[in-house]
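The residues making up each chain are set out below.
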Amino acid sequence: MTLAVLVLSLVIGTISYGPLSRTAATTSDDLETQQEEVDEEIRKLKEQLGDSNSELDHISSDVVEIEHNIESTEKEIKKLNQKLEEVQKSADRQYEDMKLRIQYMYENEEQSSWVYFLQAKSLSDLINRVEYVSQVTKRDRELAQEYADTLSQIKEYKTALEEKQKVLVAKKEELKKKQDTLLTSINSLSSNLDEQEQLSDEIAQQLEEIREEERRMKEEEARKANIEEERRKAKELEEELRRKREEEEKKRQEEQEDPQDEDPQNPNPAPEPSESEYIIPVQSGELELFAALLFCEAGDRRYPDAMRYAVASVVVNRVQSSGFPNSLTSVIYQSGQFSPTFHVISKFNMTYLAAVLNGHYWTADDRAHCMGIVKSVLKGNITGNWLYFRYDPDGKREGEHIGTEVFY
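Below or above, wherever it landed, is the structure these notes cover.

Conventions used here
Residues numbered from 1 in each chain as written. Predicted model: local features only at pLDDT ≥ 70, side-chain atom pairs only at ≥ 80, totals over all residues. Heavy atoms only, no water. Axes fitted to C-alpha atoms, helices over the stretch in contact; angles between N-to-C directions. Helix = DSSP H or I, 4+ residues; strand = E, 2+ residues; numbered from the N terminus. Parallel < 35°, antiparallel > 145°, perpendicular 65-115°, else oblique. Left-handed = near helix turned anticlockwise from the far one by under 90°. Contact = heavy atoms within 4.5 Å. Expected span 1.5 Å × (residues − 1). Buried < 20%, exposed > 50% of the residue type's maximum accessible area, 1.4 Å probe, protein only. Disulfide = S-S within 2.5 Å. Phe/Tyr/Trp six-rings, centres within 6.5 Å; stacked < 30°, edge-to-face > 60°. Pairing = 2+ DSSP bridges. Core = buried A, V, L, I, M, F, W, Y, C linked by side-chain atoms within 4.5 Å. Salt bridge = Lys/Arg side-chain N within 4 Å of Asp/Glu carboxyl O. Nonpolar A, V, L, I, M, F, W, Y, C, P; charged D, E, K, R; others polar.

In this section: the packing of helix α6 (residues 305–320) against helix α9 (residues 364–378). When two helices pack together, their arrangement is captured by the angle between the axes and the distance separating the axes. In contact at an axis separation of 9 Å, α6 and α9 are set at 50° when each is read in the N-to-C sense. Classified by the interaxial angle, the pair formed by α6 and α9 is oblique. Remark: the crossing between α6 and α9 carries right-handed chirality. Together, D305, R308, Y309, A312, S313 and V316 of α6 and H369, I373, S376, V377 and L378 of α9 make up the contact between the two elements.

Structure follows, in structure tokens:
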């Protein structure tokens with residue numbers, strides 16, 4: 001991949017796959033889609049970053065090679081300069097020798113070349129002397145030409161090396177610019193990648209939070225559905241209890257009308273309290289429901305009766321208050337108020353209150369004791385004007401502390 005193509009791909013990549021904005025997602029599906037888009041962006045950025053790093057490695061390798069060639073060329077040029085100096089020195093020496101010979105020949109007239117030739121002892125000696133002088137002169141010319149040719153060759157080679165060095169230096173500068181461009185692109189890609197990875201982490205965290213919230217909402221919906229189911233079962237149970245009481249009441253009235261069944265020692269037994277004796281309306285089955293709730297909240301006999309009376313008073317006070325529903329059943333089953341109405345006992349697959357209404361946990365004595373208290377409170381034996389109570393064994397909260405609870 002050439003630098004131009006790589007830079008173009010980076011530009012196109014930035015346009016096509018630019019950083020994703022932190023848009024708000026309302027559901028896990030939205031976040032999962034956004035997460036997939038960010039992951040795809042990260043994959044493309046890593047691919048581009050890998051290509052850029054690979055290209056940078058190639059360019060760096062080329063720069064090292066060129067630097068090595070430049071260094072080798074510089075060494076060659078240095079050697080040529082030394083060679084030029086040596087050849088020049090040798091030529092200078094030859095030139096000086098020639099000058100000395102010429103000077104000697106002209107300064108010593110009596111010893112001129114003609115005298116030198118005339119001193120020949122024979123024709124052959126003369127010919128030899130002429131040949132000698134001719135060869136010396138020719139050799140001087142040849143040496144001078146050789147030095148001149150050598151100097152010319154060295155200078156030409158040096159010029160070629162210097163040109164080569166210029167080309168190498170220019171190539172190095174070009175590659176350095178490419179390096180700088182790639183480094184800038186790599187830094188930009190790395191920064192973008194960091195942002196996308198941070199965004200991916202943020203989305204993952206948001207996705208986890210939303211999934212947890214969705215899970216909690218589903219559990220809440222399931223809990224509400226269970227509560228509604230338990231209320232339905234409780235109402236069915238109340239209806240069944242009401243039907244049984246009506247049958248028992250009808251049977252009791254029939255026995256009272258039968259003179260043979262009268263107790264001679266107690267001919268006028270005390271009747272059960274009627275609804276008119278209570279300070280709030282009480283529907284059929286609500287006494288049993290009220291007593292069961294009281295047992296769930298304060299049935300442990302280790303607690304004082306004062307605490308049970310206080311719990312029953314809170315229930316009746318709420319029925320009488322304009323800030324709460326106006327019936328016992330509605331107050332007891334008001335959402336999120338009394339934990340026995342929504343705390344599910346897995347053993348029975350029903351709420352704690354429903355389990356008690358179905359005969360679990362409390363004994364006949366417990367039932368009778370709680371029933372007596374709720375009837376007393378319903379007749380007006382209210383022990384306080386509280387509307388709330390909560391667990392406070394250490395007595396740190398403000399209010400009236402009775403047993404393990406604080407009433408306020």
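Attention now goes to helix α5 (residues 286–298). For α5, built from 13 residues, the straight-helix expectation of 18 Å at 1.5 Å per residue is met to within 8% by its first-to-last C-alpha distance of 18 Å. Judged by how many residues are buried, α5 sits mostly within the fold: 13 of 13 residues are covered.

Per the stated rule, a full pass over the model turns up zero disulfides. Distance from the sulfur of C370, which forms no disulfide, to the nearest cysteine sulfur (C296) is 8.9 Å.

Bringing the packing of aromatic side chains into the picture now. Using the criterion set out here, one finds eight aromatic pairs in the structure. Consider the rings of F348 and Y361, whose centres lie 5.8 Å apart with planes at 90°: the pair is edge-to-face. Of this pair, F348 sits in the loop between β1 (344–345) and β2 (350–351) while Y361 sits in the loop between α8 (352–357) and α9, and the two are 13 residues apart along the sequence. F348 sits in the partly exposed class, given a relative accessible area of 21%.

Two pairing modes exist for strands in a sheet, parallel and antiparallel, and in both the strands are linked by backbone hydrogen bonds. Taken together, the three strands give an open sheet; going across it, the order is β3-β5-β4, and neighbouring strands pair in antiparallel fashion. Each end of this open sheet is capped by a strand with a single partner; those strands are β3 (389–391) and β4 (400–402). Ignoring strand direction, the axes of neighbouring strands in this sheet form an average angle of 30°. Sitting on the sheet, α6 is in contact with β3, β4 and β5 (405–407), with an inclination near 45° to β5.

Glancing now at the nonpolar core. If you look at the biggest cluster of nonpolar residues, it comprises 40 residues, and the most contacted ones within it are F290, V315, L328, L353, L378 and F407. At the level of secondary structure, the elements contributing two or more residues to this core comprise α5, α6, α7 (328–332), α8 and α9. Of all the elements, α5 adds the most residues to this core, at ten residues. Setting aside chain neighbours within four positions, we find F290 in contact with A312, V315, V316, L328, I332, V374 and L378.

A full pass over the atoms with the stated rule returns 18 salt bridges. With its nearest N and O atoms 3.4 Å apart, the salt bridge here joins E67 to K172. Of the two residues, E67 is situated in helix α2 (residues 28–107) and K172 in helix α4 (residues 123–257); the sequence distance between them amounts to 105 residues. Exposure remark for E67: the relative accessible area of 31% places this residue in the partly exposed category. Between R302 and D300 there is a salt bridge whose closest N-O contact spans 2.5 Å. Assessed through its relative accessible area of 74%, R302 is described here as exposed. Several salt bridges converge on common partners, so that one network encompasses E40, R43, K44 and E47.

Along its 15 residues, α9 runs 21 Å from first to last C-alpha, staying within 8% of the 21 Å computed at 1.5 Å per residue. Residues of α9 that are buried include every one of D366, C370, M371, I373, V374, K375, S376, V377 and L378, and no others. Those residues of α9 that are buried are in contact with α5, α6 and α7. Where α9 terminates, the next one or two residues include G380, which has phi positive at roughly 115°.

Before going further, it helps to spend a moment on unusual backbone geometry. The residue N349 is not glycine, and still its phi comes out positive at about 55°. With respect to the secondary-structure elements, N349 resides in the loop between β1 and β2. Positive phi outside glycine occurs at Y361, with the angle close to 75°. Its relative accessible area of 43% is what places Y361 among the partly exposed residues.

A word on the packing of α5 against α6. Two numbers describe how α5 lies on α6: the axes approach to 10 Å, and their chain directions differ by 130°. By the angle between their directions, the pair α5 and α6 is classed as oblique. By crossing handedness, the relation of α5 to α6 is classed as right-handed. Residues F290, L293, L294, E297 and A298 of α5 touch α6, and the partners they reach there are M307, R308, V311, A312, V315 and V316. Taken together, the residues of the contact of α5 with α6 break down into nine nonpolar, no polar and two charged.

As for its position among the elements, Q88 is in helix α2. Judged by relative accessible area, which is 32%, Q88 ranks as partly exposed.

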